[in-house]
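Now for the letters of each chain:
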Amino acid sequence: MATKTAAGGNKYNQRRWAIPSKRAKNYASERKAKVHQRGPKEGKELTDYEAGIRSGYLQAQTDHAGLYKYKKALSEGKSKAEAREISQKKSK
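On a predicted model such as this, the values are computed, not experimentally measured, just so you know.

Overview of the overall build of the chain
A count of helical and extended segments in the chain gives 4 helices and 0 strands. Beginning at the N terminus, the succession of helices and strands in the chain can be written as α-α-α-α. Out of the 92 residues in the chain, the part that is buried amounts to 18%. Long-range pairs, those at least 24 residues apart, make up 41% of the contacts in the chain between residues at least 6 apart in sequence. Total accessible area on the chain stands at roughly 7,400 Å², and carbon and sulfur atoms take up 52% of it.

Next up, the structure:
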């Protein structure tokens with residue numbers, strides 16, 4: 001039997017999202033500086049390929065985090081609580 005939420009729906013039907021991960025934060029800073037900041041290549045310039053990998057990862061993080069839906073709802077004039085609720089709903 002599935003556990004019910006206070007709203008009466010299945011607790012597994014609500015998406016959990018958060019801000020992008022620690023890795024995403026590091027990737028963003030590396031992309032901005034255009035230089036490796038960690039690991040064996042530290043201090044060396046990012047190639048176009050490596051910068052592209054970081055861009056793709058950051059985009060995926062943003063999409064999967066529900067942040068896109070949240071920001072879109074805020075731009076449409078919704079309150080923060082409404083935007084959070086919208087971003088956590090699963091699409092059909």
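What follows picks up the thread again.
Here's the deal with the packing of aromatic side chains
All told, the structure shown has 1 aromatic pair when counted by the stated rule. Positioned above the aromatic ring of Tyr 27 is the side chain of Arg 54, whose terminal nitrogen or guanidinium carbon lies 4.7 Å from the ring centre.

Considering helix α4 (residues 80-88)
Residues of α4 that are buried: Ala 83, Ser 87 and Gln 88. Projection of α4 onto a plane perpendicular to its axis shows the buried side chains occupying an angular sector of 130°, all on one side. Elements in contact with the buried residues of α4: α3 (67-75).

A closer look at the packing of α3 against α4
Close contact between α3 and α4 brings their axes to 8 Å; oriented N to C, the two are set at 145°. The two elements α3 and α4 cross, and the hand of that crossing is right-handed. Facing α3, whose interface residues are Lys 69, Tyr 70, Ala 73 and Leu 74, α4 presents Lys 80, Ala 83, Arg 84, Ile 86 and Ser 87. Taken together, the residues of the contact of α3 with α4 break down into 5 nonpolar, 1 polar and 3 charged.

Observations concerning unusual backbone geometry
Even without being glycine, Lys 34 reaches a positive phi, approximately 60°. Structurally, Lys 34 can be placed in the loop between α1 (22-33) and α2 (48-65). Classification of Lys 34 by relative accessible area gives exposed; the value is 57%.

Comments concerning the pattern of salt bridges
This structure, assessed with the given rule, holds 3 salt bridges. Residues Arg 38 and Glu 30 are paired through a salt bridge, measuring 3.8 Å at the closest nitrogen-oxygen approach. For Arg 38, a relative accessible area of 40% translates into the label partly exposed. Here Glu 50 ties to Lys 41 by a salt bridge, and the two come within 2.8 Å at their closest N and O atoms.

Calculation criteria
Residues numbered from 1 in each chain as written. Predicted model: local features only at pLDDT ≥ 70, side-chain atom pairs only at ≥ 80, totals over all residues. Heavy atoms only, no water. Helix = DSSP H or I, 4+ residues; strand = E, 2+ residues; numbered from the N terminus. Buried < 20%, exposed > 50% of the residue type's maximum accessible area, 1.4 Å probe, protein only. Contact = heavy atoms within 4.5 Å. Areas by Shrake-Rupley, 256 points an atom, 1.4 Å probe, with all protein chains shown as cover. Phe/Tyr/Trp six-rings, centres within 6.5 Å; stacked < 30°, edge-to-face > 60°. Lys NZ or Arg CZ within 6 Å of the ring centre and 35° of its normal. Arc of directions from axis to C-beta. Axes fitted to C-alpha atoms, helices over the stretch in contact; angles between N-to-C directions. Left-handed = near helix turned anticlockwise from the far one by under 90°. Nonpolar A, V, L, I, M, F, W, Y, C, P; charged D, E, K, R; others polar. Salt bridge = Lys/Arg side-chain N within 4 Å of Asp/Glu carboxyl O.

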